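Structural overview for review
Okay, here's what each chain looks like letter by letter:
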Amino acid sequence: MSTSGHWARHHTRKVLMQAIYQWQMTAVEVPSLLAEYRAAGALKKSDPEFFETVLRAVVNQAEALDAHLAPLLDRKVGDLDKVELALLRLGAYELEHRIDVPYRVVIDEYVELAKRFGAEDSYKYINGVLDRLAASLRAIEYGRR
């Protein structure tokens, strides 16, 4: 992926985190979220196709993603901070379904977002959970490190 493509995906992940957070807090429907983020111009620097694909998938697969995460958590999924939950769901989705993205890139992206938007040390938690998830979902790629 080109440098400009990398930055577009990076920006898209930030907007995805905001959209998933909003969905978790309000249960707003995906078409409404898509319309809102498009109208606000939030996708100008983004990869809009990636945004829509991942947004729809994470909302539709939230229970399955939570099931992957639950055994790796030190508390119930419902007790997670909503920013952490959004980041973990997004990371879990990419680790499971976006094998075109190296697992280290997935983890790094969501750790960076946790540093910017999460609680003080939440990035360490995000890193640990996604690293353990990568070990199971991407065992072959993970084993090569």
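One can find the structure itself at the top, above this paragraph.
Report on the accompanying structure.

The rules we used
Residues numbered from 1 in each chain as written. Predicted model: local features only at pLDDT ≥ 70, side-chain atom pairs only at ≥ 80, totals over all residues. Heavy atoms only, no water. Helix = DSSP H or I, 4+ residues; strand = E, 2+ residues; numbered from the N terminus. Rg over C-alpha atoms; globule rule 2.2 N^0.38 Å. Contact = heavy atoms within 4.5 Å. Areas by Shrake-Rupley, 256 points an atom, 1.4 Å probe, with all protein chains shown as cover. Lys, Arg positive; Asp, Glu negative; His and termini not counted. Charge placed at Lys NZ, Arg CZ, Asp CG, Glu CD. Polar contact = N/O pair within 3.5 Å; in protein donor to acceptor, adjacent residues only side chain to side chain. Axes fitted to C-alpha atoms, helices over the stretch in contact; angles between N-to-C directions. Parallel < 35°, antiparallel > 145°, perpendicular 65-115°, else oblique. Left-handed = near helix turned anticlockwise from the far one by under 90°. Nonpolar A, V, L, I, M, F, W, Y, C, P; charged D, E, K, R; others polar. Buried < 20%, exposed > 50% of the residue type's maximum accessible area, 1.4 Å probe, protein only. Arc of directions from axis to C-beta. Salt bridge = Lys/Arg side-chain N within 4 Å of Asp/Glu carboxyl O.

Looking at the overall build of the chain
- Looking only at helices and strands, one finds 8 helices and 0 strands in the chain.
- Listed by position from the N terminus, the elements making up the chain come as α-α-α-α-α-α-α-α.
- In terms of overall size, the chain behaves like a compact globule, its C-alpha atoms giving a radius of gyration of 14 Å where 145 residues would be expected to give roughly 15 Å.
- With the C-alpha coordinates of the chain rotated into their principal frame, the extents come out at 40 × 35 × 30 Å.
- Considering only contacts in the chain between residues 6 or more positions apart, those separated by 24 or more positions represent 70%.
- Of the roughly 7500 Å² of accessible surface on the chain, a fraction of 51% belongs to carbon and sulfur atoms.
- Once the 20 positive and 21 negative side-chain charges of the chain are each reduced to a mean point, those two points are 3 Å apart.

So, the side chain of Thr12
- One can find Thr12 in helix α1 (residues 3–26).
- Among the polar contacts listed, one links the side chain of Thr12 to the backbone oxygen of Ala8, at a separation of 2.6 Å.
- Excluding residues that lie within four positions of it along the chain, Thr12 makes contacts with Ser46, Asp47, Phe50 and Phe51.

Details of the packing of helix α5 (residues 82–97) against helix α7 (residues 122–137)
- One can describe the packing of α5 onto α7 by two numbers: an axis separation of 10 Å at closest approach and a directional angle of 25°. Compared by their axis directions, α5 and α7 come out roughly parallel. Considering only the axes of α5 and α7, their crossing is right-handed. Touching Glu84, Leu87, Leu88, Gly91, Ala92, Leu95 and Glu96 of α5 are Ser122, Tyr125, Ile126, Val129, Leu130, Leu133, Ala134 and Leu137, all from α7.
- Residue classes in the contact of α5 with α7 are distributed as 11 nonpolar, 2 polar and 2 charged.

Examining helix α2 (residues 30–39)
- Listing the buried residues of α2 in full gives Val30, Leu33, Leu34 and Tyr37. Across the axial projection of α2, the buried residues extend over an arc of 100°, all falling on one side. Exposed and facing more than 90 degrees away from the buried side of α2 are Pro31 and Ala39.

Things to note about the pattern of salt bridges
- Under the counting rule described, the total for this entry stands at 12 salt bridges.
- Across the pair Arg9 and Asp47 runs a salt bridge whose closest N-O atoms are separated by 3.1 Å. In this pair, Arg9 sits in helix α1 while Asp47 sits in the loop between α2 and α3 (48–60), placing the two residues 38 residues apart along the sequence.
- Given a relative accessible area of 10%, Arg9 falls into the buried group.
- By relative accessible area, which is 21% here, Asp47 ends up partly exposed.
- The shortest N-O distance in the salt bridge between Asp66 and Arg89 comes to 2.7 Å. With Asp66 in helix α4 (residues 62–69) and Arg89 in helix α5, this pair connects stretches of sequence that are 23 residues apart. By the burial criterion, Asp66 is buried, and Arg89 matches it.
- Each of Arg13, Glu94 and Glu109 takes part in one network of salt bridges that share partners.

From the geometry alone we can't say anything about function, so treat these as descriptive.
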